[in-house]
Amino acid sequence: MLPAMIKLPCLVSLVMLLPVCNQKPARLPSMSGPSQMPRVESMPSLIFLPEFQPFVSDYLMTAPTLDTTTLQAFAAVWQREGAGICRHITVDTLASLSRRAAAEVTALQLPERWWEKIPLRPVGVSADRRLILFGQFKEEGLPLPSHHPLVFRRLTLFAGYDPHRQRLATVIVSIGGWVEE
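Residues numbered from 1 in each chain as written. Predicted model: local features only at pLDDT ≥ 70, side-chain atom pairs only at ≥ 80, totals over all residues. Heavy atoms only, no water.

Considering the overall build of the protein
For step 1, the next point in the chain: Check the secondary structure of the protein and you find three helices and nine strands.
For step 2, the next point in the chain: Helices (α) and strands (β) of the protein occur, in sequence order from the N terminus, as β-β-β-β-α-α-α-β-β-β-β-β.
For step 3, the next point in the chain: Burial status across the protein gives 49% buried among its 181 residues.
For step 4, the next point in the chain: Partitioning the contacts of the protein with sequence separation of at least 6, the portion at a separation of at least 24 is 71%.
For step 5, the next point in the chain: When the accessible surface of the protein is split by element, carbon and sulfur atoms take 57% of a total near 9,200 Å². (Helix = DSSP H or I, 4+ residues; strand = E, 2+ residues; numbered from the N terminus. Buried < 20%, exposed > 50% of the residue type's maximum accessible area, 1.4 Å probe, protein only. Contact = heavy atoms within 4.5 Å. Areas by Shrake-Rupley, 256 points an atom, 1.4 Å probe, with all protein chains shown as cover.)

Observations regarding the pairing of strand 3 (residues 45–49)
For step 1, the next point in the chain: Most of strand 3 is tucked away, with five of its five residues classed as buried.
For step 2, the next point in the chain: Of the two faces of strand 3, the one carrying Ser45, Ile47 and Leu49 and the one carrying Leu46 and Phe48 are both buried.
For step 3, the next point in the chain: Looking at chain direction, strand 3 and strand 9 (residues 167–179) are connected through five bridges and run parallel. Looking at strand 9, one finds that Ser45 is bridged to Thr170. (Pairing = 2+ DSSP bridges.)

Focus: the nonpolar core
Across soluble globular proteins, nonpolar side chains have a tendency to be buried as a group.
For step 1, the next point in the chain: Core analysis: the largest hydrophobic core is formed by 32 residues, its most contacted members being Trp78, Ile89, Leu94, Trp114, Leu157, Leu168 and Val173.
For step 2, the next point in the chain: Sort the elements by how many residues they give to this core and helix 1 (residues 68–86) lands first, with six residues.
For step 3, the next point in the chain: Apart from residues no more than four positions distant in its own chain, Trp114 is found in contact with Cys86, Ile89, Leu142, Leu155 and Leu157. (Core = buried A, V, L, I, M, F, W, Y, C linked by side-chain atoms within 4.5 Å.)

Some points on unusual backbone geometry
For step 1, the next point in the chain: In the Ramachandran plot, Phe52 falls in the positive-phi region, its phi being about 75° despite a non-glycine side chain.
For step 2, the next point in the chain: Counting through the fold element by element, Phe52 comes out in the loop between strand 3 and strand 4 (59–60).
For step 3, the next point in the chain: One non-glycine residue, Arg129, adopts positive backbone phi at about 65°.
For step 4, the next point in the chain: On the accessibility criterion, Arg129 (55% relative accessible area) is exposed.

Things to note about the packing of aromatic side chains
For step 1, the next point in the chain: Inspection of the entire model under this criterion finds five aromatic pairs.
For step 2, the next point in the chain: On the numbers, 5.5 Å between centres and 75° between planes, the contact of Phe74 with Tyr161 is edge-to-face. In this pair, Phe74 sits in helix 1 while Tyr161 sits in strand 8 (residues 151–162), placing the two residues 87 residues apart along the sequence. Take Phe74 and Tyr161: they sit in the same class, and that class is buried. (Phe/Tyr/Trp six-rings, centres within 6.5 Å; stacked < 30°, edge-to-face > 60°.)

Considerations on the environment of Phe137
For step 1, the next point in the chain: Note on placement: Phe137 falls in the loop between strand 6 (132–135) and strand 7 (142–144).
For step 2, the next point in the chain: Residue classification places Phe137 among the partly exposed positions, given a relative accessible area of 40%.
For step 3, the next point in the chain: For the pair Phe137 and Pro119, spaced 18 residues apart in sequence, the C-alpha to C-alpha distance is 8.8 Å.

Topic: the confidence of the model for the protein
Low pLDDT marks stretches whose predicted atomic positions should not be read closely.
For step 1, the next point in the chain: Within the protein, residue pLDDT values average 78, and 76% of them lie at 70 or more.
For step 2, the next point in the chain: Below a pLDDT of 50 lies the segment residues 1–40, which in the model reaches 113 contacts outside its immediate sequence neighbourhood of four places, other chains included. (pLDDT = per-residue confidence, 0-100.)

Observations concerning the environment of Leu133
For step 1, the next point in the chain: You can see Leu133 is positioned in strand 6.
For step 2, the next point in the chain: In this structure the C-alpha to C-alpha distance between Leu133 and Arg121, which are twelve residues apart in sequence, comes to 8.2 Å.
For step 3, the next point in the chain: Leaving out residues up to four positions away in the same chain, Leu133 has contacts with Phe55, Tyr59, Met61, Arg121, Pro122, Val123, Gly124, Val125, Phe158, Ala159 and Gly160.

Considering the pairing of strand 8
For step 1, the next point in the chain: The buried fraction of strand 8 is high, at eleven of twelve residues.
For step 2, the next point in the chain: Two elements, strand 6 and strand 8, share three bridges in a ladder whose sense is antiparallel. Looking at strand 8, one finds that Leu133 is bridged to Gly160.
For step 3, the next point in the chain: The turn joining strand 7 and strand 8, which pair antiparallel and follow one another in sequence, is formed by six residues.

And the structure:
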């Protein structure tokens, strides 16, 4: 069981949260409170969301309509910064997020450049309209090992993008899953 919050080096914090894929639009509470570690201007906050925990953010989970220029600018920033950010996402951190399959995740070897295999599209916007949240449906995330043949699990990413500064503010990492019968 994970404590409510563990502060780690590299400006990484574990916060109890849950992915919001396939949920109705909703306003969620703020992520900018005291549970966040201060971040260096050049590196976005990296937040790990334990599996099955409620998602807490300052985003309205309604996909915004964006122009091609904004989409291309985000893609360029993600391409430039994604590798450096995702280097902090390891098998050990994923195992610590897992509630049901930590042992199976520990045996995982993350594919090279795995972050490029996860599609990121606009899924929300901050209440102040300053940041755009990019993410994916959990079914599109990177496949992770499971503890049961009917359970499917995926690594999911969400990125809070500031289009005015053309930089990432936050990257959120979690595990989403579902059962098929």
